[in-house]
Structure formats: structure tokens, C-alpha cells
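Structure at a glance
Residues per chain, in single letters:
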Amino acid sequence: QVRLVESGGGLVQAGGSLRLSCAASGYTFSRFAMGWFRQAPGKEREFVASIRGNGYTSNLADSVKGRFTVSRDNAKYRLYLQMDSLKPEDTTVYYCAAAATYGVAPTTSNDYGSWGQGTQVTVSS
């Protein structure tokens, strides 16, 4: 079955950088769109970034444009989120997700059927 495992979270000062990674297994990675979402306690899950199966098209939330970059390595079954110029408001748990679509990069959580366990990102001021 689909298995997604995030890594790379941690504590960083404001203005710093982190690179999240999501290791995928159990399916043909390149046939699925992938996404990053984040969710703070008591809040709705928020879209961060998504990327098509072939990696040629991606979407970013307005709140992270110019600071975050999403990419994937289909040969390694890996999804990445490069986070630069981090702000305290970026503090929360980040999740990667897989959507059984190839031609689009969905931005809503309902389009994703498989999720990782999440990785905590904490940005200190």
C-alpha cells in the first residue's frame, strides 16, 4: 500500500531554511501528483504546495510564494519542500500527500487519498 514518510523538520530561527523530504513507497510514484499541507492544532489543514507527476507543473500557496519551492525526484521516489526565509507563522506540522491524478497538481486536501504522519517545523523569532 501507499506509504509516505516525512523528514527534515526541526527548529530554526526566523529567516533560516529547512528542507523537508517525503519518501514514498508502495505505488508508482511518477503517476501521482504530490502535495504539501500544514495544520496547526485546532485549525483547518492548509495547502502549501503541489506538483504534477512529471514534475513540470507546480502550485504554491500565496503565503509561501517566493520563499518555498516544491520539487520531486521520481527516480528516488522523493518529494521535497525547500523552505527559505522562514517566519514564526510557518510553525506547525507539515504533511506530504499523494493524489491519484497525473495531469494536474491539486490544491485541495480532499483530492489527496494518502497522507504521511507529519513533521514538526518550529520557527523561533
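Please refer to the structure placed before this passage.
Residues numbered from 1 in each chain as written. Predicted model: local features only at pLDDT ≥ 70, side-chain atom pairs only at ≥ 80, totals over all residues. Heavy atoms only, no water.

When helices and strands are tallied, the protein chain shows zero helices and 11 strands. Relative to the 2.2 N^0.38 estimate, which gives 14 Å for 125 residues, the radius of gyration of the protein chain is 13 Å and therefore close to what a compact globule would have. Along the three orthogonal principal directions, the C-alpha set of the protein chain runs to about 40 × 25 × 25 Å. In the protein chain, buried positions account for 42% of the 125 residues. A separation threshold of at least 6 residues defines the contact pool for the protein chain, and within that pool the share at least 24 residues apart is 60%. Only carbon and sulfur atoms are counted for the fraction: they give 45% of the accessible area of the protein chain, which is about 6300 Å². Charge separation in the protein chain, taken as the distance between the mean sites of 13 positive and 9 negative side-chain charges, equals 7 Å. (Helix = DSSP H or I, 4+ residues; strand = E, 2+ residues; numbered from the N terminus. Rg over C-alpha atoms; globule rule 2.2 N^0.38 Å. Buried < 20%, exposed > 50% of the residue type's maximum accessible area, 1.4 Å probe, protein only. Contact = heavy atoms within 4.5 Å. Areas by Shrake-Rupley, 256 points an atom, 1.4 Å probe, with all protein chains shown as cover. Lys, Arg positive; Asp, Glu negative; His and termini not counted. Charge placed at Lys NZ, Arg CZ, Asp CG, Glu CD.)

The sheet built from four strands is open, its strands ordered S1-S3-S8-S7 with antiparallel pairing. Every interior strand has two partners, whereas the edge strands, strand S1 (3-7) and strand S7 (68-73), have only one. Mean inter-strand twist for the sheet, computed between neighbouring axes without regard to direction, equals 15 degrees. Across five bridges, S1 lies against strand S3 (residues 18-25) in antiparallel orientation. (Pairing = 2+ DSSP bridges. Axes fitted to C-alpha atoms, helices over the stretch in contact; angles between N-to-C directions.)

On to the nonpolar core, then. If you look at the biggest cluster of nonpolar residues, it comprises 33 residues, and the most contacted ones within it are Met34, Trp36, Leu79, Leu81 and Met83. Broken down by element, the residue count for this core peaks at five residues, all from strand S9 (residues 92-99). Sequence-distant contacts of Met83, that is, excluding residues within four places in its chain, are made with Gly16, Ser17, Leu18, Leu20, Arg67, Phe68, Tyr94 and Val121. (Core = buried A, V, L, I, M, F, W, Y, C linked by side-chain atoms within 4.5 Å.)

Our next topic: the packing of aromatic side chains. The tally for this structure, following the rule as stated, stands at seven aromatic pairs. Ring pairs connect the aromatic residues Tyr27, Phe29, Phe32 and Tyr77, which therefore count as one cluster. The lysine or arginine in question, Arg45, covers the ring of Trp115, its NZ or CZ lying 4.2 Å from the ring centre. (Phe/Tyr/Trp six-rings, centres within 6.5 Å; stacked < 30°, edge-to-face > 60°. Lys NZ or Arg CZ within 6 Å of the ring centre and 35° of its normal.)

Below, the discussion takes up the environment of Glu44. In this structure, Glu44 sits in the loop between strand S4 (33-39) and strand S5 (46-51). For Glu44, a relative accessible area of 72% puts it in the exposed group. Spatially, the C-alpha atom of Glu44 lies 20 Å from that of Ala105, the residues being 61 residues apart in sequence. With residues near it in sequence (within four places) discarded, Glu44 still touches Arg38 and Gln39.

Another point: the side chain of Glu6. Take Glu6: it is sitting in strand S1. Of the buried charged residues, Glu6 lacks a salt bridge, with Arg45 as the closest side chain of opposite charge at 8.2 Å. Polar side-chain contacts of Glu6 include one of 3.0 Å to the backbone nitrogen of Gln117. A distance of 2.9 Å separates the side chain of Glu6 from the backbone nitrogen of Gly118, its partner in a polar contact. With residues up to four places along the chain from it excluded, the contact list for Glu6 reads Ser21, Cys22, Trp36, Tyr94, Tyr95, Cys96, Gly116, Gln117, Gly118 and Thr119. (Salt bridge = Lys/Arg side-chain N within 4 Å of Asp/Glu carboxyl O. Polar contact = N/O pair within 3.5 Å; in protein donor to acceptor, adjacent residues only side chain to side chain.)

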